[in-house]
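# Residue-level structure breakdown
Listed below are the residues making up each chain.
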Amino acid sequence: MNRYTPICFVVFTLTLFSCVESTPKNPEVESQSKEQIFDKGTRTSKEKFVGDVYMNLLVPEDSIYTTKSGSVTFEAGSRTNWHYHPSGQLLMVTEGTGYHQIEGRAKETIVKGDVVKVPKNVKHWHGASTDEAMIHIFVIPNTEMGASVWFEPVSDAEFTE
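Here we summarise the structure given alongside this text. Per-chain numbering applies: the sequence of each chain, read as written, is numbered from 1 onward. Since the coordinates come from a predicted model, pLDDT governs what is reported: local features require at least 70, and pairs of side-chain atoms require 80 or more to be given and counted, while whole-chain, interface and lining totals use all residues. In computing side-chain values, all of the structure's heavy atoms are included and hydrogens and water are not.

## Some remarks on the overall build of the protein
To keep things clear, this is the line we draw: Strands here mean DSSP runs of E at least two residues long; helices mean DSSP runs of H or I at least four residues long; both are numbered from the N terminus. A simple rule labels every residue: compare its accessible area, found with a 1.4 Å probe on the protein chains alone, to the largest value its type can have, and call it buried under 20%, exposed over 50%, or partly exposed in between. For this analysis, residues touch if any pair of their heavy atoms sits within 4.5 Å. Here the accessible surface of atoms and residues is derived via Shrake-Rupley with a 1.4 Å probe, and residues count as covered only by protein chains that are part of the display.
When helices and strands are counted, the protein shows three helices and twelve strands. Burial status across the protein gives 34% buried among its 161 residues. Counting contacts in the protein only where the partners sit at least 6 residues apart, residues at least 24 apart contribute 69% of the total. Carbon and sulfur atoms provide 57% of the accessible area of the protein, an area that totals close to 10000 Å².

Structure below.
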């Protein structure tokens, strides 16, 4: 083997792979991955939500993990009713812009990347902004204490304040 053999091999290999046609990306799959991490899920009960809200339950509550988790899609203007969680709740916004409010405090704007820690037994609501959808993942720990206690809908006046 002479001193040019390794160089010839590298040049040959690079030439060979540069001639291989790449497979075009599937635009449908690519657009789905940009839209949401998880499937939208099913429409939620109008008894606990205002507007068009969809939930994909990711971790059903059980006696081993004692945690309930899901992805919730709020269409623009939609929201939860007032409610609380006996063990608290975590909200992780994965897409869009929304609102969160603890009773007695000012409404807060939440955006993609925000994490909201809701203390236990604190009455609150959350949902999309008036003009943009919002998706979040919720985590309710210690479900043996109970998952959620629901109250009245958030009025349009409360929502737009």
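The rest of the description comes next.
## A word on the layout of surface pockets
We count it as follows: Site definitions follow a grid-based scheme: protein atoms alone, a 1 Å grid, a 1.4 Å probe that fits but cannot get out for cavities, and for pockets an open set with protein on both sides within 12 Å along at least five of seven lines, plus lining residues having an atom within 4 Å of a point. Grid points are joined across faces, edges and corners, and a volume is the space filled by probe spheres set on the points. Under the scheme applied, nonpolar residues are Ala, Val, Leu, Ile, Met, Phe, Trp, Tyr, Cys and Pro; charged residues are Asp, Glu, Lys and Arg; polar residues are all the others, including Gly.
The calculated volume of the largest pocket comes to roughly 260 Å³. Contributions of two or more residues to the lining of the largest pocket are made by strand 4 (67-74) and strand 11 (134-141). Per-class residue counts for the lining of the largest pocket are seven nonpolar, nine polar and two charged.

## What to know about the pairing of strand 8 (residues 108-111)
Inclusion rule: In this description, strands pair whenever DSSP reports at least two bridges between them.
Pairing between strand 7 (residues 89-102) and strand 8: four bridges, direction antiparallel. Across the sheet, the residue bridging to threonine 97 is valine 111, located in strand 8. Hairpin geometry of strand 7 and strand 8 is characterised by an intervening segment of five residues between the two adjacent antiparallel strands and by a positive phi of about 90° at glycine 104.

## Digging into the pairing of strand 3 (residues 53-59)
When strand 1 (residues 42-43) meets strand 3, the two strands line up antiparallel, connected through two bridges. Its bridge partner being in strand 3, arginine 43 is matched across the sheet by tyrosine 54.

## Focus on the packing of aromatic side chains
Rules: Ring pairs shown here join Phe, Tyr and Trp side chains whose ring centres sit within 6.5 Å, with only the six-membered ring taken for Trp; geometry is labelled stacked below 30 degrees between planes, edge-to-face above 60, and tilted in between. The rule for a charge over a ring is simple: NZ of Lys or CZ of Arg within 6 Å of the ring centre, and within 35 degrees of the ring normal.
On inspection of all chains with the given rule, the structure shows four aromatic pairs. Arranged with centres 5.8 Å apart and planes meeting at 50°, the rings of tryptophan 125 and phenylalanine 159 form a pair that is tilted. With tryptophan 125 in strand 10 (residues 124-128) and phenylalanine 159 in helix 3 (residues 156-160), this residue pair connects regions lying 34 residues apart in the sequence. One aromatic cluster in this structure is built from Tyr99, Trp125 and Phe159. Geometry around phenylalanine 159 places lysine 107 over its ring, the cationic atom sitting 5.7 Å from the centre.

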